[in-house]
Amino acid sequence: MGDEGLMEWRRSLRRLAVAAVLVLVAAAAFLAFSLHSSYSRYQSNAIDDLQNLTLNLERNLFARFQSADVVLQSAAQSFNELSLPSPGRRDRFTDALNGLRHWLDGTPSIRAADSAGLVIYGEGADSIHPLSVEQRQFFQEAKSSPGLVFGLPLKSRISNRWVLPLARQLRNAHGEFEGVHVNLEVEEFTAMLRSLKIGEHGGITLFNTRREVLLRIPEPPTLQDESPVRVSAPETLQALAAGKTTAIFDAHSSIDHRLRSLMYRQIGRYPVFILAGLEREEYLAPWYREVRVSILFWLMLVGVVALLLVTQYRAGILRTLALAELKVAKQQAETANQSKSLFLANMSHEIRTPLNGVLGFAQIGIQDVTASAAVHQNFARILQSGILLRSLLNDVLDMSKIEAGKMLLDEMPTHLRPVAQAAVNLVDDSARSKGIALNLKVVARVPEVIVVDALRLQQVLLNLLSNAVKFTDTGQVDLTVDAVEGQLVIEVRDSGLGMSEEQVSRLFTPFEQADRSTTRRYGGTGLGLAITKRLVELMKGTISVTSHPAEGSVFTVRLPLATGSACVGNVGGERDGVVAEKAPRLIEPDLTRSDESDDVVSPCPRLSGLRVLVAEDNPVNQIVIQSLLHLEGARVDVVSNGYEAIERVADPHDGPYSVALLDVMMPGIDGYVTAQRVHQVDPELPIICQTAHARPEQRLLCAQAGMVETITKPIIIDELVRVVLKHSRRASVATGRFDGAGSN
């Protein structure tokens, strides 16, 4: 199984895993919805049961209390009739109370006390040693309340049973208070409450307006006179405070701390309330069983799905193991490629530094007007050899960046015709020296402005044109640019040697050339067309070639045509058609000229009046750049490190500098830090970066440090002059002040 098979297996496993997860999620969602519906159903049923239970209980208790209240009211009326002093009143009223007793179910005791709280009326009353109820809560409350009074549970001293006293006022003919009360059997009430279906942990509480518990199940409170248990759940307190007669809520009991769904209800208009509750855990027990069953089912489903995925995964692992050695080899190759890229970058820096000296001294020698023509010719040969070496170095670095995937495009609206013309101009001298006609034709339907990386497009054109001129001895080379069906079509046709099919098949392979003898005959690395093909593919285009031996060759490039806005400048040296930064045109003297030729260089210095600060630690490079700038008329101060550069800018004894050139690799502090500190002293001073690193990230670092542009070593005089003129500030003759950057 190759990489594609492995990727397909992984995609298949991912799809299966995603499908399995979706199934599990769907099952979980269905079970969750089902459980939610079931929960709502159990909750609703419990509330309905609680409402019915509370309503029935309230009706029964209301009937019981109402009957007791009627008896007490009748007793009060009878007492009022017998209230006049008369012999045997006590016996007659006791008989009246005994008669009223049969109006109530069971055999509750009905007794009455005199104004001193002594029980002297009713069955069991001891006239000689009467019991006193003066301190009882119900007697004290009945004094001030004309209605029915509910007393706290107490143990009767006559019957020795727990009773719930209900009391009303008795007043004699003189308006003096006396009281009457009915003792209802607590056991009778608790038996009735226990008969209700409230579950094992349900609860029913009867309490008064002071929240004192009168009755409660399952466990009655500790029944002690004047020491009642109080209801204190916040929800109950809120219902009482709001004056509600009925309410439903969930709350923890303040007595046994169990969570219940509660129904709160007042019994008629009496000052007593019912609080009936069903324990949530109890009435939701069937739902909890459904939850356990659902979770078990879902876990079983997860297990089945996991087993399926593990089986598929193990099968894939067995196939993946076969690729382990291949992956290791690939990693080793990638590591080697990274090492190669790093090696090439470092070697590029190390080669460019001495090459800068070679090309620099060659350019100085060519511009030496005192030297003979033979000397000029020798310097020209050195310069041409250096140019070739520089070109080979750039090709190797470009190929390395492409293979590492670090070659990025910088697409923007670009004037196409200047780009094509600049490429033709760069090979024009070579074509003329061989007597070859070099023609450019841009069809009228080609847009004026297109969106493209101008530098890379020009690099493609330059490689194709250079190749065509190199392998053409007679005839012509034609560059045609056309627009066909949304594509930019570039055609380079030559009348050169031509190639066979076998040679064409190896044409775009790195370090390969059509003929094994080509390298020895024409030079080159064999990377030009390989780089061209990779650049075209990076721009999402295609390149093809048609060739026959002795009939010339035709290279055709097709690129996507994207038009752009025409608001693109056309200033020399910018991205819209000049490749000075990438491939500056060098001084290439004619090696065949006669000794009498005196026009080696232009005698007019281009940098006259400018004062330049150069920071360079390499002694050879110091001599080169100082000599080149002197030849162009500039005044130059050279320092060997960043500290000296900062001092010179801070104390310009001969006036401020027009521009500064900083090498980025210097001892002490590098060029980036130096640039930042220089700008603290002179914020307006243009700083140009000079470096032997030809990487795009180097330019970015320089820009971030505040440098206006980057010159790559080896330095070419025309490029140096162009950049200095572009960014230098010039002093006004009248004011002595700088009027901004110069133009290029």
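Procedures and definitions
Here, residues in each chain are numbered from 1, in the same order as that chain's written sequence. Local features are withheld for residues below a pLDDT of 70 in this predicted model, meaning they are given only at 70 or higher, and side-chain atom pairs are given and counted only at 80 or more; totals for whole chains, interfaces and linings count all residues. Where side-chain values are given, they derive from all heavy atoms of the structure, hydrogens and water being excluded. Think of it in three bands: with a 1.4 Å probe and only protein chains considered, a residue is buried below 20% of the maximum accessible area for its type, exposed above 50%, and partly exposed in between. What counts as a helix is a DSSP run of H or I of at least four residues, what counts as a strand is a run of E of at least two, and both are numbered from the N terminus. Confidence scores per residue from the predictor, reported as pLDDT, run from 0 to 100. The contact criterion used throughout is that any non-hydrogen atoms of two residues lie within 4.5 Å. Any two strands between which DSSP finds at least two bridges are classified as paired. Throughout, an axis means a line fitted to C-alpha atoms (over the contacting stretch in the case of helices), and angles, computed between N-to-C directions, take values from 0 to 180 degrees. Here a crossing is called left-handed whenever its near helix is offset anticlockwise from the far helix by less than a right angle, and right-handed whenever the offset is clockwise. Any carboxyl oxygen of Asp or Glu that lies within 4 Å of a side-chain nitrogen of Lys or Arg is treated as forming a salt bridge with it. Take the buried residues of types Ala, Val, Leu, Ile, Met, Phe, Trp, Tyr and Cys, join any two whose side-chain atoms come within 4.5 Å, and each joined set is a nonpolar core. Under this scheme an angle from 65 to 115 degrees is roughly perpendicular, one under 35 degrees roughly parallel, and one over 145 degrees roughly antiparallel; angles in between are oblique. In this count, Pro and Cys sit with the nonpolar residues alongside Ala, Val, Leu, Ile, Met, Phe, Trp and Tyr, while Asp, Glu, Lys and Arg are called charged and the others, Gly among them, polar. Each Phe, Tyr or Trp ring (for Trp, its six-membered ring) is paired with any other whose centre lies within 6.5 Å, and the angle between the two planes then decides the class: stacked below 30 degrees, edge-to-face above 60, tilted in between. A ring is scored as having a charge over it whenever the NZ atom of a lysine or the CZ atom of an arginine sits within 6 Å of its centre and within 35 degrees of its normal.

Another aspect to go through is helix α19 (residues 717-727). Since the α-helix packs 3.6 residues into each turn, any two residues three or four apart lie on the same face. Burial within α19 is extensive, with 10 of its 11 residues counted as buried. Along α19, the residues that are buried comprise I717, E719, L720, V721, R722, V723, V724, L725, K726 and H727.

For the protein chain, the average pLDDT comes to 79, and 78% of its residues sit at 70 or higher. Counting interchain partners and residues more than four positions distant, the pLDDT-below-50 stretch residues 516-523 has 14 contacts. Counting interchain partners and residues more than four positions distant, the pLDDT-below-50 stretch residues 566-602 has 84 contacts.

Below, the discussion takes up unusual backbone geometry. Even without being a glycine, R211 presents a positive backbone phi close to 65 degrees. Assignment of secondary structure puts R211 in the loop between β7 (203-208) and β8 (213-217). Notably, K540 is not glycine yet its phi reads approximately 65 degrees, a positive angle. Tracing the backbone shows K540 in the loop between α14 (528-538) and β17 (542-547).

A word on the sheet that holds strand β23 (residues 709-712). Reading across from one edge, β20-β19-β21-β22-β23 is the order of the five strands in this open sheet, with parallel pairing throughout. At either margin of the open sheet sits one strand with a lone partner, and together these are β20 (635-639) and β23. Adjacent strand axes in the sheet meet at a mean angle of 20 degrees, parallel and antiparallel pairs treated alike. Across four bridges, the pairing between strand β21 (residues 659-663) and strand β22 (residues 687-691) is parallel. Within β22, the position partnered with L662 by the bridge is C689. Lying on the sheet, helix α17 (residues 671-681) is in contact with β21 and β22; it crosses β21 at an angle near 155 degrees.

Our next topic: the packing of helix α11 (residues 454-470) against α14. Two numbers describe how α11 lies on α14: the axes approach to 10 Å, and their chain directions differ by 145 degrees. Our pair here, α11 against α14, has a crossing hand that is left-handed. Contacts between α11 and α14 pair R456, Q459, V460, N463, L464 and N467 from the former with G528, L529, I531, T532, L535 and V536 from the latter.

Here the focus is the side chain of T94. As for its placement among the helices and strands, T94 is situated in helix α2 (residues 89-101). In this structure, T94 is in contact with I120, Y121, G122 and E123, ignoring residues within four places of it in sequence.

Let us look at the sheet that holds strand β10 (residues 259-266). An order of β8-β7-β11-β10-β9 is seen for the five strands of this open sheet, with the pairing classed as antiparallel. In this open sheet, the two strands that pair with only one neighbour each are β8 and β9 (246-252). Pairs of neighbouring strands in the sheet enclose a mean axial angle of 20 degrees, with direction left out of account. Relative to strand β11 (residues 272-279), β7 is paired through six bridges, and the arrangement is antiparallel. Bridging from a neighbouring strand, T205 pairs with L275 of β11. The strands touched by helix α4 (residues 186-194) are β7 and β8; relative to β8, the strand with the most contacts, the crossing angle is about 45 degrees. Sitting on the sheet, helix α5 (residues 234-241) touches β7, β9, β10 and β11, and the angle it makes with β9 is about 160 degrees.

Another point: the pairing of strand β6 (residues 177-185). Summarising burial for β6: nine of the nine residues are buried, a large majority. On β6, burial covers both faces: F177, G179, H181, N183 and E185 on one face and E178, V180, V182 and L184 on the other are all buried. Summarising the sheet, strand β1 (residues 109-113) and β6 pair through five bridges and their orientation is antiparallel. From the neighbouring strand, R111 faces β6, where its bridge partner is H181.

What follows concerns the pattern of salt bridges. Evaluation of the coordinates by the stated rule reveals 22 salt bridges. Across the pair R611 and D637 runs a salt bridge, and its minimum N-O distance is 2.9 Å. Taken together, the residues span a long stretch of sequence, with R611 in strand β19 (residues 611-615) and D637 in strand β20 at a distance of 26 residues. Among the residues examined, D637 registers a relative accessible area of 18% and is labelled buried. A network of salt bridges, in which partner residues are shared, links E141, R210, E212 and R230.

This part takes up the environment of M539. Mapped onto the secondary structure, M539 falls in the loop between α14 and β17. For the pair formed by M539 and P560, sequence separation is 21 residues and the distance between their alpha carbons is 8.0 Å. In contact with M539, not counting residues within four places along its chain, are L409, V452, R456, L457, V460, L559 and P560.

Attention now moves to the nonpolar core. Core analysis: the largest hydrophobic core is formed by 51 residues, its most contacted members being F65, L166, I204 and L206. With 13 residues, the single largest contributor to this core is helix α1 (residues 3-81). Once residues within four sequence positions are removed from consideration, L206 is found in contact with L61, F65, E212, V213, L214, L215, I267, V272, F273 and I274. Counting residues in each nonpolar core, the second largest holds 42 residues, with V460, L461, V492 and L535 among its members.

Attention now moves to the packing of helix α16 (residues 642-650) against α17. Across the interface, α16 lies against α17 with an axial gap of 9 Å and an inter-helix angle of 15 degrees. The angle between α16 and α17 falls in the class roughly parallel. With respect to the hand of their crossing, α16 and α17 are arranged in right-handed fashion. Listed contacts from α17 to G642, Y643, A645, I646, V649 and A650 of α16 are T674, R677, V678 and V681. Of the residues assigned to the contact of α16 with α17, the class counts are seven nonpolar, two polar and one charged.

In this section: the packing of aromatic side chains. Under the counting rule described, the total for this entry stands at 10 aromatic pairs. Pairing F79 with Y121 gives two aromatic rings, centres 6.0 Å apart and planes at 70 degrees, and the pair type is edge-to-face. Linking F79 in helix α1 with Y121 in strand β2 (residues 119-122), this pair joins segments that are 42 residues apart in sequence. The pair F79 / Y121 is uniform in exposure class, with both members buried. Consider the rings of F93 and Y121, whose centres lie 5.1 Å apart with planes at 85 degrees: the pair is edge-to-face. Of this pair, F93 sits in helix α2 while Y121 sits in strand β2, and the two are 28 residues apart along the sequence. In terms of burial, F93 and Y121 fall into one category: buried. Joined through ring pairs, the aromatic side chains of F62, F65, F150 and Y270 make up one cluster. In this structure, R41 is placed above the aromatic ring of Y42, and the distance from its NZ or CZ to the ring centre is 5.5 Å. Just above the ring of Y657 sits the side chain of R611; from NZ or CZ to the centre is 4.0 Å.

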